[in-house]
Structure formats: C-alpha cells, structure tokens
Amino acid sequence: MPRNIGVLASGRGTNLQAIIDGASSGGFDGRVAVVVSDRSKAPALDRARQAGIPAVFVSKKEAGSQEAFERSIAGVLDAHGVDVVCLAGFMRILGPWFVRWYWGRMLNIHPALLPSFPGLEAQRQALEYGVKVSGCTVHFADEGVDAGPIIIQRPVLVRSDDTFETLSERILVEEHKAYVEALRLLCDGRLEIQGKRVIVTGSS
Ligand code: GRF
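Model, not experiment: these values are computed from the prediction.

Draft legend 1. Spatial organisation of the side chain of N108. Of note, N108 is situated in strand β5 (residues 106-110). In this structure the side chain of N108 is engaged in a polar contact, spanning 3.2 Å, whose partner is the side chain of D146. Not counting the four nearest positions on each side in its chain, N108 is found in contact with L87, T137, V138, H139, D146 and Y179.

Right, here's the structure in full:
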C-alpha cells in the first residue's frame, strides 16, 4: 500500500518539490496527501497547489496555544489519512505529544552533518567553524532540535572560496536526493530504530 505523506513546510519548498517529484517518478511508494504550512504566503503552499495537492495554512496565532496549534495540524493530517510526516523547512518547534504521536514515522532534514551544527543557518555555522566536509542529514524527528536517529547523511566538500550561498546551494542538491532515498527506505519498511541507531534492513 502506498504511504500517505504529509509535508510540513514554512518556506520556499524545494525539498517539498523533491518529494512531490520523487513520488510521481516512483522514487518511493507513497504520495503527498497534504501540505501544511504555518505561513499563509509560503511558496511551498503554491508548489502544492500547482501539483494539485491540498495546501493548508494553520495559524499559530489563531490556534492560541502551542498544543492547540499542534492539534490543528494533526487534525489536518488525520483528515487526509497521513501516516508519514516530512518536516521540510518547517520553522516551528513541535512539542512532546506531537512528536510521540508520529514517532518513527516523522522525518526531518537538516543542512549539516548532525550532530554538528544543529539549529539555524547550519551552513554558516559550518563555514565559520572551518570544517572541510559538511553535508545534510535526514533523521527521525524526536523532541530535540535537529536530533533523533539518523537515517541518511550525504557529504559535501567545503571549498575555500565558498560563501553561505554557494555551500547552501550544493548541500541543497544533496538534500533533495537524501530525502527521496530516506522515503524509499521508510516506505519499503526497511528502517529499524535501535536506540540512537537506524538499521537499514534487506537489500535494494
Ligand atoms: C533546507 O535547507 C532544510 O535542510 C532546512 O530548511 C531548508 C528548507 O529549504 N531544514 P526548502 O524550503 O526545502 O527549499
């Protein structure tokens, strides 16, 4: 059975686009059932509409509390039969009950090789630290910020003339591949969480 994927995104939505394209080209056995954003004008919502996917804005302000906000999002996801959640540039912290509810079926992407450089502007953090290799990470979301068992990492070499923009651009290319690959493994039932480790079972 194809999995029903719900994508949460706050911004431009290039990872969302990679997921939409991955679903339509058979990159994994799933479909994007709904896209939810906390920003009414997020380009990600336009990308969803363009692809004929329900696009829903959930207002934190209107919800009032953090829990009410999360329950509204979960309500939208439920209404669309979502069983897998992808965080794709979603700029809000999700609290314990939401994370527990979707434990083992909610993924996040981060533009650095975690556990290095969690949080905002990871590419800038990596450049300023002077690392020679950075990259991206897809992981199961837990209650920490950019924490949780790691599914896939893709490295990107840092060049001496890199700027935040040039490094971000090369990492982004790898992000798009990593998200589709992680979804392929998840949708095929090949991921097993053992403590902090994710074991990839079977063969491709
Ligand atoms: C990506 O770099 C992702 O790793 C981070 O936020 C950015 C979202 O970009 N969490 P986009 O909206 O998918 O283009």
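Draft legend 2. View of the domain arrangement of the chain. Partitioning the chain into domains gives domain 1 (1-102) and domain 2 (109-204). Of note, the centres of domain 1 and domain 2, computed from C-alpha atoms alone, are 20 Å apart. Between domain 1 and domain 2, the contact holds 20 residues from the first and 15 residues from the second. Of the roughly 1500 Å² buried at the junction of domain 1 and domain 2 (both faces included), carbon and sulfur atoms supply 69%. When the area that domain 1 buries against domain 2 is broken down by residue, the three leading residues are N15, F28 and V99, summing to 29%. Between R100 and E143 there is a salt bridge, and its shortest N-O distance comes to 3.5 Å.

Draft legend 3. Quick peek at the side chain of H110. With respect to the helices, strands and loops of the structure, H110 is situated in strand β5. Under the relative-accessibility criterion, H110 is labelled buried at 2%. Excluding residues that lie within four positions of it along the chain, H110 makes contacts with F117, P118, G119, A122, G135, C136, T137 and D146.

Draft legend 4. A look at the nonpolar core. Within the largest apolar cluster, 38 residues are counted, with the highest numbers of intra-cluster contacts made by V7, L107, I151, Y179 and L183. Looking at which element gives the most residues to this core, the answer is helix α7 (residues 164-187), with 10 residues. Composition of this core by domain shows at least three residues from each of domain 1 (1-102) and domain 2 (109-204). If we ignore the near neighbours within four places in the chain, the residues touching V7 are L16, I19, V32, V34, V35, V36, C86 and A88. If you look at the next biggest cluster of nonpolar residues, it comprises 20 residues, including V36, V58, L77 and F98.

Draft legend 5. Expanded view of the site of the ligand. Residues in contact with the ligand, as listed here, are R12, G13, T14, N15, G89, I109, H110, P111 and E175. In this structure, G13 approaches the ligand through a main-chain N or O atom, which is 2.8 Å from an oxygen atom. E175 has a polar side-chain atom sitting 2.7 Å from an oxygen atom of the ligand. Isolated, the ligand exposes 370 Å² of accessible area, and the fraction of that covered by the protein chains is 85%. Taken together, the elements giving at least two residues each to the shell around the ligand come down to α1 (14-24) and β5.

Analysis parameters
Residues numbered from 1 in each chain as written. Predicted model: local features only at pLDDT ≥ 70, side-chain atom pairs only at ≥ 80, totals over all residues. Heavy atoms only, no water. Helix = DSSP H or I, 4+ residues; strand = E, 2+ residues; numbered from the N terminus. Polar contact = N/O pair within 3.5 Å; in protein donor to acceptor, adjacent residues only side chain to side chain. Contact = heavy atoms within 4.5 Å. Domains from an automatic or database assignment. Buried area = accessible area lost by both parts, 1.4 Å probe. Salt bridge = Lys/Arg side-chain N within 4 Å of Asp/Glu carboxyl O. Buried < 20%, exposed > 50% of the residue type's maximum accessible area, 1.4 Å probe, protein only. Core = buried A, V, L, I, M, F, W, Y, C linked by side-chain atoms within 4.5 Å. Near = heavy atom within 4 Å. Areas by Shrake-Rupley, 256 points an atom, 1.4 Å probe, with all protein chains shown as cover.

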